[in-house]
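Structural characterization, general
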Amino acid sequence: QLNTTTSPPARELMASGVVESLGWFVIAAGADSNTDYNDIWVLDFGVDLEAMNDNDGTTLPPARAPEWYQLRVQGELPEVRYGGHGGVYPMNGTSFWLGFGFNQKEETGKRLGDTFRIAFTNTSTVGEVYQWESIHEGVGLNQYHPFLPHARCLQSGTMTDEEQLVFHGGCLRGGVGGGPCPAEDAWVLDGNTKEWSELPRCVTPRVFGAMVSIPRRRGMGLLYGGDDRFDNGIVEQVIAGPRYPANEVVLVDANMETWTRKKTLPTSRLVNDTEVFDKLPARRFGHGMASGSSRLDYVDSEGEERFNFTDRIVMFGGVGLYGGQMYNDIWVLTGEPESSADLSGDCPAVWFSYLHLHGILLSVAWGMLFPTGVLVARYYRCGESQAWLLIHVILQLTALALSSVAFVMVFLVSSKPNFPHAIIGIILQIFAIQQPVNGFLRPHKKDDNKTSRNRYCWELWHKSTGYFTVLAGLVNVTLGVFLIIPPLAVWVVWLCAIAVWVVIFAIYETIHLLK
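One pass over the full model with this rule turns up two cavities of 30 Å³ or more. Taken together, Arg-173, Gly-179, Pro-180, Cys-181, Pro-182, Gln-237, Trp-351, Ser-353, Tyr-354, Leu-355 and Val-413 form the lining of the largest cavity. In terms of residue class, the lining of the largest cavity is built from seven nonpolar, three polar and one charged. Put simply, the second largest cavity is a space of about 50 Å³.

Put into structure tokens, the structure is as follows:
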């Protein structure tokens, strides 16, 4: 344990990284039980870490005792946050990145989707004044953008190159936004163009996983662990779907935009001339991981001096997925990505969550049954027959039942209803419930079949609120489709369905007006 004369305030869920050329361990942001931070600190070891080993393999002592320093920063600061991602590219990277996360202020607490960096040089000192650079401002509170990553926290992320950040998953629910928790989407940010691009979907959704860069391989990262169900204290978010196996690590090649699921093996040892395999790490989340390489010099059979690099990924601690046991064990993963065996099968099967079920029920109710009921009531009245009314009532009550189930369900897995989709949904549910109530209270026409004043007022209210509710319902389901960031095919199908309804009602209304 290092003893320093000063230190940052205690915190958790901060971003961190090592600037090897300066001998700095850098942390930024994070939170304790009462305070969120946006400060940045460095632990200065007082020596170039790459130069700590001289040619004969002995360790050089630090130039001075390690010490913490809070860096002075001018200009606009990132918002306070914790549970985001960031760090430094370990192969001679000199920029510290910080992005996403959330804050816990009661009035303004929210998920964040912006990204910043501080650029160091090989001659930077702790006494200089630095400035955060905005790489991407994110979508802000617009959680409905179809082509940018939505604000979130608790995702897995790492620097896979000096100008390349990758992250996967996380939690979009809470703050003043909604969305899946855990999420399955993954994104790459190019620091040169300052543009995001989405990676193919392959990895099971998860929060609290860990991702590190692969040593000596630019553009590559490794993801391990995480919580792929995320129990919020009431129900698990995921209803069905494959759980990642204990022997899985996932490699991402951000340049090629590919994922590869690799199979890990436990360490083997000989016991009485029999190879015995040790156990694998228990599945976990909230663990810490770091990657690096060590050089091994040797003399070959012909007397030539040679060397090899051994890549290692070190993992410590975490919380067990089964029983919530806290771990303090440490594991080392070695091997070459190219020679490691792939797990059988390609990407895992489709997973299914309560948000998916919520969306399906509302898509059927608001995208099929409610509009059909309006269509029947407006265009299929024939003489004295009341068949249209019976069909209209059956369709609307069925749609209301589905909508009510979805409405109750989402409160089990979602956050406070303080974002547009949720607020609109509550209003629409109230309007949907009052429709059959005022339908039951419908005044009858006069004996001469003329419309009374009460009947006129009732028809005006029932029809106008009915049309408004169905139109607003289609809009709100569209917002929900964008909110849960589904695959592009889902967006296309839903928008095509709306287009079909527009065409159908346009044809029927034209015929109705021509009669």
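On we go from here.
The next subject is the side chain of Ser-124. Tracing the chain through its elements places Ser-124 in the loop between β8 (111–119) and β9 (129–131). Looking at Ser-124, its side chain comes within polar contact range of the main-chain nitrogen of Thr-121, at 2.7 Å. Among all residues touching Ser-124, those that are not within four sequence positions of it are Leu-22, Trp-24 and Tyr-130.

Checked against the element boundaries, Leu-222 lands in strand β16 (residues 220–224). Accessibility expressed as a relative area gives 4% for Leu-222, which makes it buried. In the structure, Leu-222 is positioned 135 residues away from Leu-357 in sequence and 31 Å away in space, judged by C-alpha atoms. For Leu-222, the contacting residues outside a window of four places in its chain are Ala-210, Met-211, Val-212, Ile-214, Val-249, Val-250, Leu-251, Met-289, Ile-313 and Leu-333.

On to helix α5 (residues 488–514), then. Compared with the 39 Å implied by 1.5 Å per residue over 27 residues, the 39 Å span of α5 between its first and last C-alpha is a close match. Among all positions in α5, only Trp-491, Trp-494 and Trp-501 are buried. Lining the buried residues of α5 we find α1 (354–379) and α4 (453–483).

This part takes up the environment of Leu-148. Within the element layout of this structure, Leu-148 appears in the loop between β10 (133–136) and β11 (156–161). Expressed as a C-alpha distance, the spacing of Leu-148 and Gly-138, which sit ten residues apart in the sequence, is 7.6 Å.

What holds strands together in a sheet is hydrogen bonding between their backbones, with the strands either parallel or antiparallel. Spatially, the four strands line up as an open sheet ordered β6-β7-β8-β10, and their pairing is antiparallel. The sheet terminates laterally at β6 (85–87) and β10, the two strands that pair on one side only. The average angle at which neighbouring strand axes cross in this sheet is 25°, direction not considered. Pairing of β8 with β10, which is carried by three bridges, proceeds in the antiparallel orientation. Directly across from Thr-115, in β10, lies its bridge partner His-136.

Sheet architecture is open: four strands sit in the order β1-β2-β3-β4, paired in antiparallel fashion. Edge strands, defined here as strands with exactly one partner in the open sheet, are β1 (15–19) and β4 (67–70). Here the average twist between neighbouring strands, direction ignored, is 20°. Two strands pair when backbone bridges link them, and strand β3 (residues 40–44) and β4 are joined in this way by four bridges, in the antiparallel orientation. Along β4, the bridge assignment pairs Leu-43 with Trp-68.

What follows covers the nonpolar core. Membership of the largest hydrophobic core comes to 29 residues, with the highest contact counts inside it found for Trp-366, Phe-370 and Val-477. Of all the secondary structure elements, the ones that give two or more residues to this core are α1, α2 (387–413), α3 (420–440), α4 and α5. Of all the elements, α1 adds the most residues to this core, at nine residues. When residues no more than four places from it in sequence are discounted, the contact partners of Val-477 are Leu-362, Ser-363, Trp-366 and Trp-494. In terms of nonpolar packing, the next biggest core, distinct from the first, is built from 18 residues, Val-19, Ile-40, Leu-98 and Trp-132 among them.

On to the pattern of salt bridges, then. Under the definition given, this model contains 21 salt bridges. Measuring nitrogen to oxygen at the nearest pair gives 3.1 Å for the salt bridge that ties Arg-217 to Asp-311. You can see Arg-217 sitting in the loop between β15 (210–213) and β16 and its partner Asp-311 sitting in strand β24 (residues 305–320), a full 94 residues away along the chain. Of the two residues examined, Arg-217 and Asp-311, each falls in the buried class.

This next bit is on the packing of aromatic side chains. Enumeration according to the criterion identifies 18 aromatic pairs in this entry. Taking 5.1 Å as the distance between ring centres and 50° as the angle between the ring planes, the aromatic pair formed by Phe-100 and Phe-167 counts as tilted. In this pair, Phe-100 is assigned in strand β7 (residues 95–102) and Phe-167 in strand β12 (residues 164–168), connecting sequence segments 67 residues apart. You can call Phe-167 buried: its relative accessible area is 0%. Ring centres of Phe-100 and Trp-196 lie 5.8 Å apart, and the angle between their planes is 80°; on these two criteria the pair is classed as edge-to-face. Taken together, the residues span a long stretch of sequence, with Phe-100 in strand β7 and Trp-196 in strand β14 (residues 195–198) at a distance of 96 residues. Trp-196 carries the same exposure label as Phe-100, and that label is buried. Each member of the aromatic cluster is reached from another via a ring pair, and the members are Tyr-379, Tyr-380, Trp-501, Phe-505 and Tyr-508. Above the ring of Tyr-244, the side-chain terminus of Arg-283 is found at 4.4 Å from the ring centroid. Sitting over the ring of Tyr-327, Arg-284 keeps its end group 4.4 Å from the ring centre.

Right, let's talk about the state of the cysteines for a bit. All chains considered together, the criterion is met by one disulfide. Shown here is the disulfide that connects Cys-171 with Cys-181, its sulfur atoms set 2.1 Å apart. The S-S bond linking Cys-171 to Cys-181 shows a torsion near -105°; that makes this disulfide left-handed. Here Cys-181 lies in the loop between β12 and β13 (186–190) and Cys-171 lies in the loop between β12 and β13, a separation of ten residues in the sequence. Assessed through its relative accessible area of 3%, Cys-171 is described here as buried. Under the relative-accessibility criterion, Cys-181 is labelled buried at 4%. With no disulfide partner, Cys-153 has as its closest neighbouring cysteine sulfur the one in Cys-171, 4.9 Å distant.

With eight of nine residues buried, β8 is to be regarded as a mostly interior element. Note that β7 and β8 share seven bridges and pair antiparallel. Across the sheet, the residue bridging to Phe-96 is Ile-118, located in β8.

Conventions and cut-offs
- Residues numbered from 1 in each chain as written.
- Predicted model: local features only at pLDDT ≥ 70, side-chain atom pairs only at ≥ 80, totals over all residues.
- Heavy atoms only, no water.
- 1 Å grid on protein atoms, 1.4 Å probe; cavity = no way out; pocket = protein on both sides within 12 Å on 5 of 7 lines; lining within 4 Å.
- Points joined across faces, edges and corners; volume = space filled by probe spheres on them.
- Nonpolar A, V, L, I, M, F, W, Y, C, P; charged D, E, K, R; others polar.
- Helix = DSSP H or I, 4+ residues; strand = E, 2+ residues; numbered from the N terminus.
- Polar contact = N/O pair within 3.5 Å; in protein donor to acceptor, adjacent residues only side chain to side chain.
- Contact = heavy atoms within 4.5 Å.
- Buried < 20%, exposed > 50% of the residue type's maximum accessible area, 1.4 Å probe, protein only.
- Expected span 1.5 Å × (residues − 1).
- Pairing = 2+ DSSP bridges.
- Axes fitted to C-alpha atoms, helices over the stretch in contact; angles between N-to-C directions.
- Core = buried A, V, L, I, M, F, W, Y, C linked by side-chain atoms within 4.5 Å.
- Salt bridge = Lys/Arg side-chain N within 4 Å of Asp/Glu carboxyl O.
- Phe/Tyr/Trp six-rings, centres within 6.5 Å; stacked < 30°, edge-to-face > 60°.
- Lys NZ or Arg CZ within 6 Å of the ring centre and 35° of its normal.
- Disulfide = S-S within 2.5 Å.

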